[in-house]
Amino acid sequence: MIVGTPDVQAGAVGSGAVADEAPHLYLGTSSWLTCHVPFRRVDLLRNMTTLPSAIPGRYFIANEQETAGACLQVLGRLLQDPTATAPLPEPLLDALAAQAPPGSGGLLFAPWLYGERTPVEDSALRGGFFNLSLETRREHLVRAVFEGVAYNTRWLLEAVEGFLRHRVDHIRFIGGGARSAIWGQIMADVLNRTIHTVQEPQLAALRGVALLAAVALGELTWAEIPERVPIAATFRPDPANRARYDALFREFLAFYRATRGIYRRLHRRRSLFV
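Residues numbered from 1 in each chain as written. Predicted model: local features only at pLDDT ≥ 70, side-chain atom pairs only at ≥ 80, totals over all residues. Heavy atoms only, no water.

Participant: When you look at the packing of helix H4 (residues 138-164) against helix H5 (residues 181-191) in this model, what are you seeing that I'm missing?
Facilitator: Axes are the key here: two packed helices are described by the angle between their axes and the distance separating the axes. Packing of H4 against H5 leaves a shortest axis separation of 9 Å and a crossing angle of 45°. Overall, the two elements H4 and H5 adopt an arrangement that is oblique. In the crossing of H4 with H5, the sense of the turn from one axis to the other is right-handed. Residues Arg 143, Phe 146, Glu 147, Val 149, Ala 150, Tyr 151, Thr 153, Arg 154 and Leu 157 of H4 form the contact with H5, whose participating residues are Ile 182, Trp 183, Ile 186, Met 187, Val 190 and Leu 191. (Axes fitted to C-alpha atoms, helices over the stretch in contact; angles between N-to-C directions. Helix = DSSP H or I, 4+ residues; strand = E, 2+ residues; numbered from the N terminus. Parallel < 35°, antiparallel > 145°, perpendicular 65-115°, else oblique. Left-handed = near helix turned anticlockwise from the far one by under 90°. Contact = heavy atoms within 4.5 Å.)

Participant: Would you take a moment to explain the packing of aromatic side chains for this structure?
Facilitator: The geometry of two aromatic rings is summed up by the distance between their centres and the angle between their planes. Scanning all chains against the criterion turns up 13 aromatic pairs. Here the aromatic rings of Tyr 151 and Phe 252 are separated by 5.7 Å at their centres, their planes lie at 45°, and the arrangement is tilted. Of this pair, Tyr 151 sits in helix H4 while Phe 252 sits in helix H8 (residues 242-268), placing them 101 residues apart in sequence. Exposure class is identical for Tyr 151 and Phe 252. Each is buried. Each ring, one from Trp 155 and one from Phe 252, has its centre 6.3 Å from the other, and the planes form 85°; the classification is edge-to-face. Taken together, the residues span a long stretch of sequence, with Trp 155 in helix H4 and Phe 252 in helix H8 at a distance of 97 residues. Phe 252 matches Trp 155 in its accessibility class, with the two residues each being buried. Taken together through their ring pairs, the aromatic side chains of Trp 112, Phe 130, Tyr 151, Trp 155, Tyr 245, Phe 252, Phe 255, Tyr 256 and Tyr 263 make up a single cluster. Note that Arg 41 overlies the ring of Phe 39, its terminal NZ or CZ placed 4.1 Å from the centroid. (Phe/Tyr/Trp six-rings, centres within 6.5 Å; stacked < 30°, edge-to-face > 60°. Buried < 20%, exposed > 50% of the residue type's maximum accessible area, 1.4 Å probe, protein only. Lys NZ or Arg CZ within 6 Å of the ring centre and 35° of its normal.)

Participant: I would appreciate a short explanation of the pattern of salt bridges in the present structure.
Facilitator: Pairs may arise between side chains of opposite charge once their charged atoms sit close together. Applying the stated criterion across every chain, the model contains 13 salt bridges. The partner of Asp 20 in a salt bridge is Arg 58, and the shortest N-O contact between them spans 2.8 Å. Residue Asp 20 is located in the loop between helix H1 (7-14) and strand S1 (23-27), and its partner Arg 58 is located in the loop between strand S4 (48-52) and strand S5 (59-62); the two are separated by 38 residues in the primary sequence. Accessibility expressed as a relative area gives 35% for Asp 20, which makes it partly exposed. A salt bridge links Arg 167 to Asp 169, with the nearest nitrogen and oxygen atoms 2.9 Å apart. A residue is classified by how much of its surface remains accessible, and Asp 169, at 34% relative accessible area, is partly exposed. Because the salt bridges share partners, they merge into one network encompassing Glu 161, Arg 167, Asp 169 and Arg 193. (Salt bridge = Lys/Arg side-chain N within 4 Å of Asp/Glu carboxyl O.)

Participant: Whenever I open this one, the nonpolar core confuses me. Can you help?
Facilitator: Grouped together as the largest cluster of nonpolar side chains are 58 residues, with contacts concentrated most on Trp 112 and Met 187. Looking at this core, the element that brings in the most residues is H4, giving 15 residues. Other than its neighbours up to four places away in sequence, Trp 112 contacts Thr 67, Leu 125, Arg 126, Gly 127, Asn 152, Trp 155, Phe 252, Phe 255, Tyr 256 and Tyr 263. Formed by 14 residues, the second largest nonpolar core is a distinct cluster that contains Val 18, Ile 55, Val 198 and Ile 225. (Core = buried A, V, L, I, M, F, W, Y, C linked by side-chain atoms within 4.5 Å.)

Participant: Mind showing me how you'd approach the sheet that holds strand S3 (residues 42-43) here?
Facilitator: Pairing between the strands of a sheet is mediated by backbone hydrogen bonds and can be parallel or antiparallel. The eight strands lie next to each other as S3-S4-S5-S2-S1-S8-S9-S10, forming an open sheet whose pairing is mixed. The open sheet has two edge strands, S3 and strand S10 (231-235), and neither has a second partner. (Pairing = 2+ DSSP bridges.)

Participant: Would you take a moment to explain the side chain of Arg 207 for this structure?
Facilitator: With respect to the helices and strands, the residue Arg 207 is situated in helix H6 (residues 204-216). In this structure, Arg 207 is buried with no salt-bridge partner, the nearest side chain bearing the opposite charge being Glu 200 at 6.5 Å. Of the polar contacts made by the side chain of Arg 207, one reaches the backbone oxygen of Gly 14; its length is 3.1 Å. Once residues lying within four places of it in the same chain are set aside, the contact partners of Arg 207 are Gly 14, Val 198, Gln 199, Glu 200 and Val 229. (Lys, Arg positive; Asp, Glu negative; His and termini not counted. Polar contact = N/O pair within 3.5 Å; in protein donor to acceptor, adjacent residues only side chain to side chain.)

Here it is as structure tokens:
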């Protein structure tokens, strides 16, 4: 009998990032950014800790962004014809995002549709668009969602690097959201890190369980796993977008600081809006 492992641990193995402090980013309905570590640690301020991983004697940094791909699903429902029976296809959303310029014309999206866990623990937070104008079109809305999730991921990256006490590079990318080439490039630009999308990224957890079984049977070693998880695409930061995304990320954080009190007051009065 070979014992399996939960989804996060399986995805970590299936990403190929099994070496200590080798990072991977998962982007599905929710999102996380983590890596294996040889130590135990807790960060109460940013709501992160280490939990046992599928690799004996190793841990992974436990964190989560509550909504990531779910934000795009919600926007898709809002944009589609109300009589439609199927959601807007992912390629169409990618194409719309590609029509808007980097930075979405200054439009910001807060991706906190179900509160947030990391790097802030705040169940009262809610999402929304900020800086809408008469020039805003639906392609700006779509790209702003892609970018808003990326800004939140950059916020989480800073927390993870603080937890590790050093910078990480060359992040492996898994999950259904990793099938989007434009999201991969936006992540590279916003995070200012090289992003490696693995082959069949949506199957990373399934691959991880298979690799775990191979190691348990003695057919594979942990050190051989990275070469068994091929990279399908690599996205490098575009220097032309650096200043724009740095400025918008600062505004993203400023938006959170300026509005968190409003969210909490509305949360306390939520019975008035039901």
